[in-house]
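Listed here are the chains, written in short residue letters.
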Amino acid sequence: MANTDKNSYTLGFAVAMVVIVGSILAGVFGSLKSQIDENKKKEKKQNILFAMGVTKATLTNNEGDATSPVDAAKADELFAKYIGDNQFIIEGTKATKSEGAFDIDVKKEGQKAKDAAYTRKLPLYIGSVDGKKSYVVPLFGKGLWDAIWGYVALEGDLKTVKGAFFDHKGETPGLGANIKEAFFYEDFKGESIYAGNTYKGITVAKGNNDPKNERKNDNKVDAIAGATITGDGVTAMIKKDLKLYVPYFESIKVN
């Protein structure tokens, strides 16, 4: 019979439990991975659709909630309806239609682009609602504590924001985390990313003094009180990532 008072026994038991529990957790994760991946794809489709204005209200003739994404169960169907195969990989001024655009990891592409010899691949989704085109661009950046990301949809003029969606990994509840709330992202609608013919992006500005967001050509929206660094992250993310698409947009723009 083993001497359970020995340190070696305690250590061995602890190691055995770690191995057993770890194996069980790995097995559970492995069995659920395909479902987790599928849920992530559905959420991504929900967010892309949301940015271009396809919400619960769209499906009920504007009688539903315009600030809520469509149900995950309908994401595949609606993505196919409003976007379908109109997914493109942008490289400079070249656009290649490819459903592989959906699988591009924007964060990883940014890391690869640190190598000057690498040509960055940019995903672009072109949707149509009521006969009007939307160009949806994915964004990725850094907030106060961790990653932030989102989607901005531009109208057919490739200057005016049709809608936006933002999310975060670990911003402060009630402060930076509010970038995913309607009062913040609704302000982006109608804003221009150009000043005249010059690309400017959009700044999340303190002291903008435009609480009703009536000025749509100032390239600014009001900041969230107490969330300066997160707001600066959103500003940088928009200016940096949208700018990557400007060469392509300029090549197809109809003045």
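First, a word on what this report is: a plain description of the structure on this page. (Residues numbered from 1 in each chain as written. Predicted model: local features only at pLDDT ≥ 70, side-chain atom pairs only at ≥ 80, totals over all residues. Heavy atoms only, no water.)

Notes on the environment of Ser68
And step 1. Here Ser68 lies in the loop between α1 (7-51) and α2 (72-82).
And step 2. Judged by its relative accessible area of 18%, Ser68 falls in the buried class.
And step 3. Sequence spacing of Ser68 and Thr55 is 13 residues, and the spatial spacing of their C-alpha atoms is 5.9 Å.
And step 4. Dropping the residues within four chain positions of it, Ser68 is found in contact with Phe50, Thr55 and Lys56. (Helix = DSSP H or I, 4+ residues; strand = E, 2+ residues; numbered from the N terminus. Buried < 20%, exposed > 50% of the residue type's maximum accessible area, 1.4 Å probe, protein only. Contact = heavy atoms within 4.5 Å.)

Regarding the packing of aromatic side chains
And step 1. Under the criterion given, the structure shown has 12 aromatic pairs.
And step 2. Seen from their ring centres, Tyr194 and Tyr199 are 6.0 Å apart, and the 80° between their planes marks the pair as edge-to-face.
And step 3. Judged by relative accessible area, Tyr194 falls into the buried class, the value being 4%.
And step 4. Judged by its relative accessible area of 16%, Tyr199 is buried.
And step 5. Grouping aromatic residues by their ring pairs yields a cluster made of Tyr135, Tyr245, Tyr248 and Phe249. (Phe/Tyr/Trp six-rings, centres within 6.5 Å; stacked < 30°, edge-to-face > 60°.)

Remarks on helix α5 (residues 228-243)
And step 1. An ideal rise of 1.5 Å per residue puts 22 Å on 16 residues; α5 measures up with 22 Å between its terminal C-alpha atoms.
And step 2. Those residues of α5 not exposed but buried are Thr230, Gly231, Gly233, Val234, Thr235, Met237, Ile238, Asp241 and Leu242. (Expected span 1.5 Å × (residues − 1).)

Side note on a nonpolar patch on the surface
And step 1. Together, Met17, Ile20, Val21 and Ile24 line one region of the surface with nonpolar side chains, adding up to about 340 Å² of accessible area.
And step 2. With respect to the element layout, Ile20 can be found in helix α1. (Patch = residues over 30% accessible without salt bridge, like charges linked within 9 Å, V, L, I, M, F, W, Y side chains within 5 Å. Areas by Shrake-Rupley, 256 points an atom, 1.4 Å probe, with all protein chains shown as cover. Salt bridge = Lys/Arg side-chain N within 4 Å of Asp/Glu carboxyl O.)

Digging into the sheet that holds strand β1 (residues 87-91)
And step 1. Ordered in space as β2-β1-β3-β4-β5-β6, the 6 strands form an open sheet in which the pairing is antiparallel. The open sheet has two edge strands, β2 (94-97) and β6 (161-168), and neither has a second partner. Strand-to-strand twist in this sheet, taken as the mean axis angle between neighbours without regard to direction, amounts to 25°.
And step 2. By the bridge criterion, 4 bridges tie β1 to strand β3 (residues 122-129) in an arrangement that is antiparallel. Residue Ile90 lies in a different strand from β3, and its bridge partner there is Leu122.
And step 3. In the packing of α5 onto the sheet, contacts are made with β4 (132-142), β5 (147-154) and β6, and the angle to β4 comes to roughly 125°. (Pairing = 2+ DSSP bridges. Axes fitted to C-alpha atoms, helices over the stretch in contact; angles between N-to-C directions.)

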